[in-house]
Every structure is written in C-alpha cells, then in structure tokens.
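# Structural overview
Here are the chains, one letter per residue:
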Amino acid sequence: AGSSTIDSVLQRHATEVVQPDTPHAEVKAEASSNLTHVDGLGRASMVDVAAKAETKRVAVASARVLLGPEAFHQVVTNQAKKGDVLAVARLAGIMGAKHTSLLIPLCHNIFISGVKLDLELDREA
C-alpha cells in the first residue's frame, strides 16, 4: 500500500510540473523567466559560467544557537563529552564555506580566499 501511495504522489507531482497546460506549470514558467537556474517548466537546470569574469564577493551568514543551562555551562567550561564545542563549530564553519558548492544545490565551485568566524557566548540570550 505504501509503494502505491508514493507512486501516486510522484505521478501527480510529475504531471503538475511536466505538462505545460496546467496552471501550476504556467506559474512556474512565468517565475522561471527571471531565474537563471530554472527552465521554462520550472525545473532546475545548470548554467555555463565558464566565460564569467572573476569577481570579488563577500558573503555574510549568521546563526543563533540556544542552549539549556547545563549545555551552556559545558560549553563555557569546555566540559562537553565530545570535546571543545567552539573549536568544532569553528572547524565546521570553515569546512562549510569550503564546500559551498556541495551544500547548495546548483552552486558552482567557488574560490575562497578566506573565512572569518566570530563565535560569541551570550549568557543573557
């Protein structure tokens, strides 16, 4: 029963996206005319960036992680069972930046000249 339900959902989705005479596909076609990585039917597609000139870009991201009192204490005192939480977070951030093209769909390989991470512990948050 589960397989036929999945097949039904997949078939319904494929029909909505592929057949251009449905309102859903028309909306996708209109929206995709302004998007570089989406074709006329709203499907994701890769674009050729080989001829693009190199440009300097800056990206800024932020996150807020809320911890309970015990977990916060373990981070502050570096007593977490798996080690230095902030060092691992810093390393994960650097690795994430270096692997942007693997983590973001349709992102081309990008050259990164540096990554700066600022980690703060805020007892009041």
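Refer to the structure presented above.
The notes below deal with the structure included here. (Residues numbered from 1 in each chain as written. Predicted model: local features only at pLDDT ≥ 70, side-chain atom pairs only at ≥ 80, totals over all residues. Heavy atoms only, no water.)

Below, the discussion takes up the side chain of Ser101. Residue position: Ser101 is located in helix α5 (residues 100–103). Of the polar contacts made by the side chain of Ser101, one reaches the side chain of Asn109; its length is 2.8 Å. Once you skip the residues sitting within four places of it in the chain, Ser101 turns out to touch Cys107, His108 and Asn109. (Helix = DSSP H or I, 4+ residues; strand = E, 2+ residues; numbered from the N terminus. Polar contact = N/O pair within 3.5 Å; in protein donor to acceptor, adjacent residues only side chain to side chain. Contact = heavy atoms within 4.5 Å.)

Bringing the pattern of salt bridges into the picture now. Any two side chains of opposite charge can pair, given that their charged atoms come close. For the coordinates displayed, the defined rule picks out two salt bridges. Where Arg43 meets Asp39, a salt bridge forms, and the shortest distance between an N and an O atom there is 2.8 Å. Look at Arg43 and you get partly exposed, because its relative accessible area is 39%. With a shortest N-O distance of 3.7 Å, Asp118 and Lys116 are connected by a salt bridge. In terms of burial, Asp118 and Lys116 fall into one category: exposed. (Salt bridge = Lys/Arg side-chain N within 4 Å of Asp/Glu carboxyl O. Buried < 20%, exposed > 50% of the residue type's maximum accessible area, 1.4 Å probe, protein only.)

As for its position among the elements, Thr100 is in helix α5. Judged by relative accessible area, which is 17%, Thr100 ranks as buried.

Turning our eyes to something else, we now look at the environment of Val75. With respect to the helices and strands, the residue Val75 is situated in helix α3 (residues 69–76). Residues Val75 and Val85 lie ten residues apart in sequence; the distance between their C-alpha atoms is 6.1 Å. Those residues in contact with Val75, other than ones at most four positions away along the chain, are Leu67, Val85, Leu86 and Leu121.

Along its 14 residues, helix α4 (residues 85–98) runs 20 Å from first to last C-alpha, staying within 8% of the 20 Å computed at 1.5 Å per residue. A side-chain oxygen of the first residue of α4 lies 3.1 Å from the backbone nitrogen of Leu86; this N-cap is Asp84. (Expected span 1.5 Å × (residues − 1).)

Before going further, it helps to spend a moment on a nonpolar patch on the surface. A cluster of nonpolar side chains, contributed by Ile94, Ile110, Ile112 and Val115, occupies part of the molecular surface with about 290 Å² of accessible area. One can find Ile110 in the segment after α5. By relative accessible area, Ile110 is classed as partly exposed at 46%. (Patch = residues over 30% accessible without salt bridge, like charges linked within 9 Å, V, L, I, M, F, W, Y side chains within 5 Å. Areas by Shrake-Rupley, 256 points an atom, 1.4 Å probe, with all protein chains shown as cover.)

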